[in-house]
Amino acid sequence: MVPILMYHQIGEPGPKGTPYRSLTVHPSSFRRQMRWLHRLGYRGLSMRDIMPYVRGERRGRVVGITFDDGYRNVHQNALPVLRELGFTATNYFVVRQLGGGNVWDYEGGVAHSDLMSLEEMRDWAAQGMEVGSHTLNHARLTDLSAEQARAEITGSRLELESLIEAPVTAFCYPYGAENAQARELVRLAGYTNATTTQPGLAHAGDDPFGLPRVMVARSTHILRFLQKCMTQLEEKKRKK
Ligand SMILES: [Zn+2]
C-alpha cells in the first residue's frame, strides 16, 4: 500500500476566517515534510512514477505527491524543494484557467490565488514534474451529462498534450465528485489513473480510476504527517 499525498497551495495562508485557509500549507512546513521523508529514506514520486508501486509491481519506500488546481505558489515554493531532493510530483491543471485563478472558489468566499501560466506549466514539466488533468473548467462531473463530462475529460487531455507535447495520463476529479460513469469516461479517454478526495492509502487491488489520497493541511503536525506516510504503522493500526 502506498500513501498519495494531496496538497493544494504552498504559500502564506490567507487572513483568519478565510474559507479553505487550511488548504494552504506554509512553505517552511512543506520543506520540513519533504526533508523528513528524504531523511527517512522515502522518495516522493509523481503519479506516473508511483503507479508501478500502487499496482504492486515494485516495492520501496515511496510516497505519491499530488497538487490540485495548478497554483502558481506551488511552482514558486514547492518546485525548488522537490528538485533539491530529487523528488517528482503531479500537479492537476484546469486547462481553461492557465494564467488565471481559482474562479470556481469565488462563490464560496475563497480568496483569489494565481494559477500557473502556460509557460510555468511547461517549466513544471520540463523540470521532470508531471502535468495531470483537472478538467477544462474545474467541472463537477457528477452534475454533467455524459456528453459534457466527456468533453471536460477528453478535451482537457488532448489540449494539455498539445500544450506540453507529451502524454498526459493522470486525472483528478474536481471536488472529488465522481461516479461509475465518470470513471469509465476517464478510462476511455486514455488516462491510466485518477485520484479522488477519499481518504486512505492506495492498495494494489484498488480501481486505478478511484485512488484515495492522504490530505495534508496547514495544521498537519510533522509527527502526524510522518505517521500518515509510514504505511506499515498505519496498516498495523488498521488490523488491530
Ligand atoms: Zn480542484
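The structure reproduced in this document is the subject of the present report. Quantities reported herein were computed from a predicted structural model and do not represent experimental measurements.

## Observations concerning unusual backbone geometry
With glycine set apart, most residues show a phi of negative sign, and most peptide bonds adopt trans.
No. 1: Of note, the phi angle at T135 is positive, near 75 degrees, even though the residue is not glycine.
No. 2: Mapped onto the elements, T135 comes out in the loop between β7 (130–133) and α7 (146–164).
No. 3: A relative accessible area of 0% places T135 in the buried class.
No. 4: One non-glycine residue, E165, lies in the positive phi region at around 55 degrees.
No. 5: Among the secondary structure elements, E165 is positioned in the loop between α7 and β8 (170–172).
No. 6: Residue E165 is classed as exposed on the basis of its relative accessible area, which comes to 72%.

## Looking at the packing of aromatic side chains
No. 1: Within the structure shown, the criterion is met by six aromatic pairs.
No. 2: Relative to W124, the ring of F67 has its centre 6.0 Å away and its plane inclined at 85 degrees; by these criteria the two rings are edge-to-face. You can see F67 sitting in strand β5 (residues 62–69) and its partner W124 sitting in helix α6 (residues 118–126), a full 57 residues away along the chain. W124 matches F67 in its accessibility class, with the two residues each being buried.
No. 3: Of the aromatic side chains, those joined through ring pairs into one cluster are Y7, F30, F67 and W124.

## Some words on the coordination of the zinc ion
No. 1: Only D69 (OD), H134 (NE2) and H138 (NE2) from the protein reach the zinc ion as donors, at distances of 2.1 to 2.2 Å.
No. 2: Going along the chain, you hit the donors of the zinc ion in the pattern D-x64-H-x3-H. Placement of the pair is D69 in strand β5 and H138 in the loop between β7 and α7, with a sequence separation of 69 residues. Of the two residues, D69 and H138, both sit in the buried class.

Conventions used here
- Residues numbered from 1 in each chain as written.
- Predicted model: local features only at pLDDT ≥ 70, side-chain atom pairs only at ≥ 80, totals over all residues.
- Heavy atoms only, no water.
- Helix = DSSP H or I, 4+ residues; strand = E, 2+ residues; numbered from the N terminus.
- Buried < 20%, exposed > 50% of the residue type's maximum accessible area, 1.4 Å probe, protein only.
- Phe/Tyr/Trp six-rings, centres within 6.5 Å; stacked < 30°, edge-to-face > 60°.
- Donors = N, O, S within 2.8 Å, 3.2 Å for Na, K, Ca; no water.

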